[in-house]
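Structural overview for review
Now for the letters of each chain:
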Amino acid sequence: MKKSLLASAAILLASTMAHAADPIPVGHIADLTGATGSVGKPYAQGIADAMKYINSKGGVGGRTLAFETTDYAYEVPRAMAHYKKLLDQKVVAIQGWGTGDTEALVSFVAKDTIPYFSASYSGHLTDPQGKTSAKASPYNFFYGPSYSDGCRALVEWAADDWKKKGGTAKAKFVHMGDNHPYPNAPKDACGAYAKEKGLEILNPIQYSLKPGDFKAQCLSLKESGANYAYLANTSGSTIALLKSCETVGAKPQYMGNVWGMDEASLKAAGEAANGMVWVVGAATWADNNAGMNLVREISKMSDPSGTEPRPGHYIRAVCSAFYMKEAMDAASAMPGGVTGPNIKKAMYTKKDWVPAGLDGVCLPSTWKEDDHRGTTSVMVYQASVKGTDIGMKKIFTANIPRRTEWLGW
Amino acid sequence: MISTSLIPCGQYKTSYAKDTTLFDTPVTRAFCVVGVLVLLTLPQLGISNYHLTLLIQIGYLSIAALGLNILVGSTGQISLGHAGFFGFGAFASAWLHNKFGIPVLLAMPLAAVMTTLLGLLFGIPAGRLKGLYLAIATFASQFILEDFFARADWFSGGSAGAMAGTASLFGFDLTGDRSYFYLVLFWLVTMVLLASNLLRSRDGRAFVAVRDHYLSAEVMGINLTKYRILSFGISSFYAGLGGALYGHYLGFVSAEGFTILLSIQFLGMIIIGGMGSVMGTLMGTAFMVLLPEVLEIGFGALRGIAGDVAWVTSGLAYAKQASIGLAIILFLIFEPDGLVHRWKLIKSYWKLYPFSY
C-alpha cells in the first residue's frame with residue numbers, strides 16, 4: 001500500500017514537473033493584409049515581439065508562450081474559423097484584433113472561458129456583467145481608453161477649443177467612418193456626449209475603410225459646414241480622406257480615433273494633416289524614459305539594429321501583451337495554474353496597474369469584476385506639419401468620468 | 001458476375017430506365033453506400049478536428065455549389081450572385097431562429113425556402129437576358145444583397161452581424177464539430193440524391209434542352225421563361241441551405257463574408273469539378289477547399305526550413321489566393337470538362353488495362 005502510494009506520488013510529481021515545462025498555448029489573430037492592415041501590421045509585430053521577448057526572459061514561471069501569428073485579413077468568418085482551430089490547441093488566452101470579430105466572439109470566449117485581449121477598444125466590450133448593456137462580455141479585456149471614451153475626450157477638447165476660438169453659434173460635429181462595427185462602435189455614445197457638451201450633431205458621412213478617392217465625401221463635408229469632424233477609420237483611409245479633402249478645400253478641425261493617425265501616416269498625409277488632433281493610448285517612440293528603453297529592447301526582437309521607429313500601435317501592443325503576461329504570472333501561483341478563469345481573476349488583483357518595467361509607457365489601468373474600462377484617461381495629441389517638418393505634441397489630457405450607464409456603450 | 005460488375009463495351013441499354021439509372025453497376029452503388037458509411041464512422045475513428053472542419057466546409061459549400069451547377073452547368077444560365085443567396089440563407093436562418101424561436105433544424109430548410117422565393121424574384125431578368133447581360137444582372141443582385149445585409153439591422157443585424165444559435169435535437173445541442181458533421185452529411189446526401197434525380201426527371205431534361213439550344217427547346221414546347229426562373233429558384237434553395245448550414249456552423253453571420261469573391265469561387269468549384277455533373281461538383285469543391293490547406297502545409301514546411309522570414313509569411317497569403325486563380329486557368333486549358341472527366345479517363349484506362357486503345 002505504502003509503496004503504491006509512493007509510486008503514485010512520484011508519478012504525480014513527475015507529471016506536474018513535465019507540466020511545468022510545457023509551453024503555454026496562446027492565440028494570436030492579426031490583420032496583416034486586410035482593410036486595417038496599415039495599423040494591424042505594426043500592432044501584430046508588437047504582440048509577437050513582446051511575446052518573444054517574454055520567452056527569451058524565461059516566459060511565465062519557466063514556461064514559454066507558444067503562439068503563431070495568423071492573418072485573418074479583417075474578415076470575421078476567417079477569424080471565427082481560426083478560433084475553432086485555437087480551441088483545438090487549448091489556448092489559455094488570445095491576443096486578437098478587430099471589433100467585428102471580437103464582438104462576434106464575445107459569447108464564445110465567455111462560454112469557453114478564454115480571456116480575449118483585443119486590439120478593439122470598442123465600448124461594447126467594457127461591461128463584463130451586462131449591467132447596463134444588452135450583452136455581457138466577461139472574458140474581454142483591452143488595454144487603453146475605449147473608442148467611446150477616446151471620442152468623448154475629443155469632444156471635450158472640441159468644446160473647449162470652440163469656446164477659446166470665440167465661436168458664438170453651436171459648433172457642428174460630424175462622425176465620419178465606414179459602415180462597419182469598428183467605426184460604428186463609438187458613434188452613438190460619442191454623439192450623445194457631444195450633444196451634452198452643447199455641440200450640434202450633423203448626419204454622419206460614410207467613407208470606406210479601404211483607402212480610395214473620397215472627394216465626394218469631402219464635398220458633402222464641406223457643404224455640411226462641419227466645424228469638427230471625427231474620423232473613425234484607421235490610418236490608411238484617413239490619409240486618403242485628408243488628401244482628398246485638401247484638394248476639395250474642406251477645412252474642418254479633424255479629430256482622429258486612436259487607430260486613425262500615427263507618425264508614419266503624418267508623413268504620408270503631409271500638410272493635409274496639419275493641426276489634426278487624435279487620441280494616443282501610450283507613450284510615443286520619441287519619449288525618453290526607462291519604460292521606453294524596455295520597449296526599444298523588445299523592438300530589437302524583430303529589428304536587431306534598433307533603428308526602425310515604431311508607431312504608437314506597436315507600443316500599445318507591447319502593453320497588451322505584458323498585462324496578459326503578468327496576469328499569467330499571478331495565475332500560475334493560483335490553484336489550477338495558468339487557466340483562462342485564473343487569468344481573468346488575476347486581471348482584477350491590481351489597482352493602477354503598470355506592468356513591471358513599463359512605467360511611463362502604459363497608462364495605469366484598473367480592471368474590476370463589474371467594469372472592464374481599464375483606463376479612462378485619454379491623451380490628445382496635435383500634429384504640426386510644415387513641409388517635411390513633422391511634429392506632434394500632447395495638448396490635452398481628459399479624465400472621462402466612469403459613469404455606470406456608460407458601461408458597455 | 002462479370003456482367004454485373006463491369007459496364008459492357010457498347011450500347012446494350014434497352015429501356016429509358018436503364019439509360020437514366022444513377023448507378024451503372026451494383027458495384028458503383030455499393031461503392032457509394034460504403035463511402036457514406038465510412039464518412040459516418042469517421043468522427044468515431046478519431047479523425048482530428050482540423051480535418052473534420054475541412055470536411056464540414058466541403059459539405060456545406062458542396063450543397064451551395066450543387067445549386068449553382070444546376071443553374072450554370074445544366075440550364076446554361078450564368079450567375080455571379082450565388083454568394084448573395086448563400087448569405088441570405090445564413091441570415092434568414094439566424095433571423096428565423098432569433099426572432100421567432102424556430103428550432104435551428106427547422107429554420108435551415110425554411111431559410112432555404114425563403115431564399116428560393118428571393119431567387120425566383122432575382123431570376124426574373126433571366127427570362128429576358130442571356131449570356132453576359134444576365135451575368136451583369138446577377139452581378140447587380142449580388143451588390144443589392146450585400147448592401148442589404150450591411151444595412152438591414154432588423155434582419156441581419158447590420159454591419160455588426162447576427163448570432164446564429166446552435167442546432168439541437170431532442171434536447172441535445174449539436175455544438176461540437178463531430179455532431180455537426182452528421183447534420184451536414186445528412187443534408188449533403190439528401191441534396192445530392194435530389195439533384196441527381198432532378199437531372200433525370202422531365203424538368204431536368206428541360207433544363208438541359210434549354211442549355212443546349214434554347215431555340216430548339218422552345219420549338220419542342222418548353223417554356224423558356226418558366227424553366228429559366230425555376231432553375232434560379234432551385235439553385236437558390238441549394239444556396240440558402242448551404243448558407244444556413246454555414247451560418248450555424250460558425251455561430252455568427254457577418255455581412256462581409258458574402259462578397260463577389262465567394263460567388264466567383266463557387267463558379268470556380270463547378271468549372272474545376274465539371275459543369276453539369278453532380279459528382280464533379282463534389283470533387284471541385286473538395287479541390288477548392290483543400291488546395292489552400294495543402295499549400296499552407298507546403299509553405300509551413302518551407303517556413304520550417306527557412307526560419308521565420310517575413311516574406312515567406314506574407315508570401316503565403318498571396319500564393320494561396322494566386323494559386324486558386326492559376327488552378328482555374330490551368331483547368332480551363334488542360335481539362336475544360338473538369339475533374340470528373342479526368343476521373344472518367346482514369347476509370348476507363350484501368351477498365352481496359354492493359355489493352356487500351
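Residues numbered from 1 in each chain as written. Chains lettered and ligands numbered in written order. Predicted model: local features only at pLDDT ≥ 70, side-chain atom pairs only at ≥ 80, totals over all residues. Heavy atoms only, no water.

**Description of the overall build of chain A**
Across its full length, chain A holds 13 helices and 14 strands. Projected onto its principal axes, the C-alpha positions of chain A cover 90 × 50 × 35 Å. Per-residue burial for chain A yields a buried fraction of 58% across its 409 residues. Residue pairs at least 24 apart in sequence account for 71% of intrachain contacts in chain A once pairs closer than 6 positions are excluded. Carbon and sulfur atoms provide 55% of the accessible area of chain A, an area that totals close to 16,000 Å². Positive and negative charge centroids in chain A, built from 44 and 38 side chains respectively, lie 2 Å apart. (Helix = DSSP H or I, 4+ residues; strand = E, 2+ residues; numbered from the N terminus. Buried < 20%, exposed > 50% of the residue type's maximum accessible area, 1.4 Å probe, protein only. Contact = heavy atoms within 4.5 Å. Areas by Shrake-Rupley, 256 points an atom, 1.4 Å probe, with all protein chains shown as cover. Lys, Arg positive; Asp, Glu negative; His and termini not counted. Charge placed at Lys NZ, Arg CZ, Asp CG, Glu CD.)

**Thoughts on the state of the cysteines**
All names here are of chain A. The full count for this structure, using the stated rule, is 3 disulfides over all chains. What pairs with Cys319 in a disulfide is Cys362, and their sulfur atoms sit 2.0 Å apart. The sign of the S-S torsion, about -95°, decides the handedness of the disulfide formed by Cys319 and Cys362: left-handed. With Cys319 in helix H12 (residues 312-332) and Cys362 in the loop between helix H13 (340-347) and strand E13 (377-386), the pair connects residues that are 43 residues apart, well separated along the chain. Neither Cys319 nor Cys362 differs from the other in exposure class; each is buried. Looking at chain A, its bonded cysteines, counted consecutively from the start of the sequence, adopt the pairing 1-2, 3-4, 5-6. (Disulfide = S-S within 2.5 Å.)

**Examining the confidence of the model for chain A**
With 95% of its residues at a pLDDT of at least 70, chain A reaches an overall mean of 90. By mean pLDDT, helix H1 (residues 2-21) of chain A is the weakest element of chain A at 50, and strand E5 (residues 116-117) of chain A is the strongest at 96. (pLDDT = per-residue confidence, 0-100.)

**Comments concerning the UniProt feature "domain: Leucine-binding protein" (unreviewed entry) in chain A**
Taking the numbering used here, the UniProt-annotated feature "domain: Leucine-binding protein" (unreviewed entry) corresponds to residues 23-384 of chain A. The straight-line gap between the two end C-alpha atoms of residues 23-384 of chain A is 47 Å; of that span, 41% is helix and 14% is strand. (UniProt positions renumbered as here; feature names shortened; annotations may be inferred.)

**So, the UniProt feature "transmembrane region" (unreviewed entry) in chain B**
Residues and elements named next belong to chain B. The positions that UniProt labels "transmembrane region" (unreviewed entry) are, in the present scheme, residues 21-42, 54-72, 79-96, 102-124, 131-150, 180-199, 229-252 and 318-334. Spanning residues 79-96, this segment combines 83% helix with 0% strand, and its end C-alpha atoms are found 26 Å apart. As a span, residues 131-150 carries 100% helix and 0% strand, and end to end its C-alpha atoms are 29 Å apart.

**Section: the interface of chain A and chain B**
Counting from both sides, the interface comprises 21 residues of chain A and, opposite them, 21 residues of chain B. Buried surface at the junction of chain A and chain B, both sides included, amounts to about 1,700 Å², of which 52% is carbon and sulfur. Considering only the surface of chain A that becomes buried against chain B, Pro77(A), Lys84(A) and Asn179(A) emerge as the three largest contributors, covering 29% of it. Taken together, the links from chain A to chain B amount to 1 salt bridge. Of the charged contacts in the structure, one is a salt bridge between Asp177(B) and Lys84(A), with a shortest N-O distance of 3.7 Å. Of all the elements in the fold, those that place two or more residues in the side of chain A that touches chain B are helix H3 (76-88), helix H4 (99-112) and helix H6 (181-184) of chain A. Here the element with the most residues in the side of chain A that touches chain B is H3(A); it accounts for 7 residues. Class assignment of the residues belonging to the side of chain A that touches chain B gives a composition of 8 nonpolar, 5 polar and 8 charged. (Buried area = accessible area lost by both parts, 1.4 Å probe. Salt bridge = Lys/Arg side-chain N within 4 Å of Asp/Glu carboxyl O. Nonpolar A, V, L, I, M, F, W, Y, C, P; charged D, E, K, R; others polar.)

**Observations regarding the pattern of salt bridges**
Scanning the model with the defined rule gives 16 salt bridges over all chains in all. Of the charged contacts in the structure, one is a salt bridge between Asp147(B) and Arg151(B), with a shortest N-O distance of 3.0 Å. Residue Asp147(B) and its partner Arg151(B) are both found in helix H7 (residues 131-151); the two are separated by 4 residues, about one turn of the helix. Among the charged side chains, a network of salt bridges with common partners joins Asp49(A), Glu308(A) and Arg310(A).

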